[in-house]
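Structural description and commentary
Each chain is listed here by its residues.
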Amino acid sequence: MTITPNSVVALTYKLHTINNGEKEFVEEADKSNPLVFLYGVGMMLPKFEENIEGLKQGDTVDFELLAVDAYGEKDDSAVAQLPADIFKESGIPPVGEILPLQDNQGNQFRARVVEVSPEAVVVDLNHPMAGQNLHFDIEILNVREATEDELSHGHAHGIDGDSGH
């Protein structure tokens, strides 16, 4: 079976960022812990999905996504100053720490601490890989039709479709 919308894909990948023409390793999913997802429902980057569409079990591919097609360009205005007093109980976080935050609508996201002063903690709200080109090396391990449960839930239930929530 080939990768088409509403199929469940299991794959391995190695992800590198590209900086000044040099590849820098970020992460990987190997055969013992593959990435399993429902294809075509918006779970993955659109250009990522474009690059694997039509592949089948055993196929390999490598490709690069430009920053604009991955997590976007870095937005220098996407910073926020949080009052230091909100960290009274937990303590002031150090520069570089990733903070879990939530907006007024309940959306959860992460922000990286970039500056700390006695009055404020400045956080960068950009995705950690914003502004970076990404290089993927991929092997397709399995492609199957999604079950009715997976389609109604909007996500894969494991490589074989039997994994619960």
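Below: a short report on this structure. It should be emphasised that the depicted structure is a prediction, and the values quoted were computed from it without experimental measurement.

As for the sheet that holds strand S6 (residues 98–102)
With antiparallel pairing, four strands are arranged side by side in an open sheet as S5-S8-S7-S6. Each edge of the open sheet is held by one strand with a lone partner, namely strand S5 (79–83) and S6. Neighbour to neighbour, the strand axes of the sheet diverge by 45° on average, direction disregarded. Summarising the sheet, strand S7 (residues 108–116) and strand S8 (residues 120–124) pair through four bridges and their orientation is antiparallel.

Details of the environment of leucine 101
Looking at the secondary structure, you find leucine 101 in strand S6. Along the backbone, leucine 101 and methionine 43 are 58 residues apart, and their C-alpha atoms lie at a distance of 21 Å. The contacts of leucine 101, once residues within four sequence positions are left out, are Leu82, Asn107, Gln108, Phe109, Ala111 and Leu125.

Some points on the nonpolar core
If you look at the biggest cluster of nonpolar residues, it comprises 22 residues, and the most contacted ones within it are Leu11, Phe48, Ile52, Phe136 and Ile138. Contributions of two or more residues to this core are made by strand S1 (7–19), helix H1 (46–52), strand S4 (60–65) and strand S9 (133–145). In terms of residue count, S9 provides more of this core than any other element does, five residues in total. Excluding anything up to four places from it in sequence, leucine 11 contacts Ala29, Pro34, Leu35, Phe37, Phe48, Ile52, Ile138, Glu139, Ile140 and Leu141. The next biggest cluster of nonpolar side chains, apart from the first, holds eight residues, and it includes Phe87, Leu99, Ala111 and Val113.

Let's talk about the side chain of threonine 17
Tracing the chain through its elements places threonine 17 in strand S1. The exposure class of threonine 17 is buried, given its relative accessible area of 4%. Only 3.4 Å separates the side chain of threonine 17 from the side chain of asparagine 19, close enough to count as a polar contact. Apart from the residues within four sequence positions on either side, threonine 17 is in contact with Glu22, Lys23, Glu24, Val26, Met129, Gln132, Asn133 and Leu134.

Rules and cut-offs
Residues numbered from 1 in each chain as written. Predicted model: local features only at pLDDT ≥ 70, side-chain atom pairs only at ≥ 80, totals over all residues. Heavy atoms only, no water. Pairing = 2+ DSSP bridges. Helix = DSSP H or I, 4+ residues; strand = E, 2+ residues; numbered from the N terminus. Axes fitted to C-alpha atoms, helices over the stretch in contact; angles between N-to-C directions. Contact = heavy atoms within 4.5 Å. Core = buried A, V, L, I, M, F, W, Y, C linked by side-chain atoms within 4.5 Å. Buried < 20%, exposed > 50% of the residue type's maximum accessible area, 1.4 Å probe, protein only. Polar contact = N/O pair within 3.5 Å; in protein donor to acceptor, adjacent residues only side chain to side chain.

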